[in-house]
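The lines below spell out each chain.
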Amino acid sequence: TKLERSIKLKEESLKSRESQALESSRITKESIRQKEADLSELETSLKSREESINSREFQLMESLKENEEDRRKKEAYLSELEESLNLKEESLNEKVESIT
């Protein structure tokens, strides 16, 4: 009958919509899983880059400290040399005065 056909069509329509909804849900879940995996990969990459940057920063700070210490030592050495030269100059001046 007409009513049975109508009910059958509505049932088929509902089954089709349910099937489409399930497929859409499956696709959405898979998309979410992929995005979570991508996010996890990005987080790992960022952590690795951060560790690399921190390591490089530490190396640069250590190098800077070493360079500063070297500069201080060189300045102290130059100061000693200057003092030694001044003493030698004074000594030479005294010798010149004693000769003349």
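In this report, the structure presented in the accompanying data block is examined. All chains use their own residue numbering, which begins from 1 and follows the written sequence. This being a predicted model, a pLDDT of at least 70 is required before a residue's local features are given, and a value of 80 or more before pairs of side-chain atoms are given or counted; all residues contribute to the totals for chains, interfaces and linings. Side-chain calculation: all heavy atoms of the structure are included, whereas hydrogens and water are not.

**Things to note about the overall build of the protein chain**
Here comes step 1: When you go through the protein chain residue by residue, the secondary structure sums to one helix and zero strands.
Here comes step 2: Here the globule rule reads 2.2 Å times residues to the power 0.38, and the radius of gyration is calculated from C-alpha atoms. For 100 residues, the compact-globule estimate of 2.2 N^0.38 gives 13 Å, and the protein chain exceeds it by more than 25% at 43 Å.
Here comes step 3: Principal axes of the C-alpha set define a box for the protein chain whose edges measure 145 × 15 × 5 Å.
Here comes step 4: For every residue, the accessible area obtained with a 1.4 Å probe (protein chains only) is divided by the maximum for its type, and the residue is called buried under 20%, exposed over 50%, and partly exposed between those limits. Per-residue burial for the protein chain yields a buried fraction of 0% across its 100 residues.
Here comes step 5: With an accessible surface of roughly 9,900 Å², the protein chain has 54% of that area assigned to carbon and sulfur atoms.
Here comes step 6: The averaged location of the 26 negative side-chain charges in the protein chain is 19 Å from the averaged location of its 20 positive side-chain charges. Strands are runs of DSSP state E lasting at least 2 residues, helices are runs of H or I lasting at least 4, and numbering of each runs from the N terminus. Areas reported as accessible are Shrake-Rupley estimates using a 1.4 Å probe. Residue values count occlusion only from the protein chains shown. Positive residues here are Lys and Arg, negative ones are Asp and Glu, while His and the chain termini are left out of the count. Where a charge sits is defined by one atom per residue type, namely NZ (Lys), CZ (Arg), CG (Asp) or CD (Glu).

**Observations regarding a nonpolar patch on the surface**
Here comes step 1: The grouping of Tyr77, Leu78 and Leu81 at the surface amounts to a nonpolar patch, some 320 Å² of accessible area in total.
Here comes step 2: Checked against the element boundaries, Leu78 lands in helix α1 (residues 2-99).
Here comes step 3: With relative accessibility at 54%, the residue Leu78 sits in the exposed group. Patch members must show over 30% relative accessible area and no salt bridge, and they are joined within 9 Å when carrying like charges or within 5 Å when they are nonpolar side chains of Val, Leu, Ile, Met, Phe, Trp or Tyr. Whenever Lys or Arg places a side-chain nitrogen within 4 Å of a carboxyl oxygen from Asp or Glu, that contact is recorded as a salt bridge.

**Focus: the pattern of salt bridges**
Here comes step 1: Scanning all chains against the criterion turns up seven salt bridges.
Here comes step 2: Residue Glu30 is joined to Arg33 by a salt bridge in which the shortest nitrogen-to-oxygen separation is 3.4 Å. Note that Glu30 and Arg33 are positioned in helix α1 at a spacing of three residues, about one turn of the helix.
Here comes step 3: Owing to a relative accessible area of 47%, Arg33 belongs among the partly exposed residues under this scheme.
Here comes step 4: Two residues, Arg71 and Glu75, come together in a salt bridge whose shortest N-O distance is 2.4 Å. Taken together, the residues Arg71 and Glu75, both in helix α1 and four residues apart, mark about one turn of the helix.
Here comes step 5: Under the relative-accessibility criterion, Arg71 is labelled partly exposed at 37%.
Here comes step 6: Taking the relative accessible area as the measure of exposure, Glu75 reaches 43% and is therefore partly exposed.
Here comes step 7: Salt bridges sharing partners connect three or more residues here, namely Glu68, Glu69, Arg71, Arg72 and Glu75.

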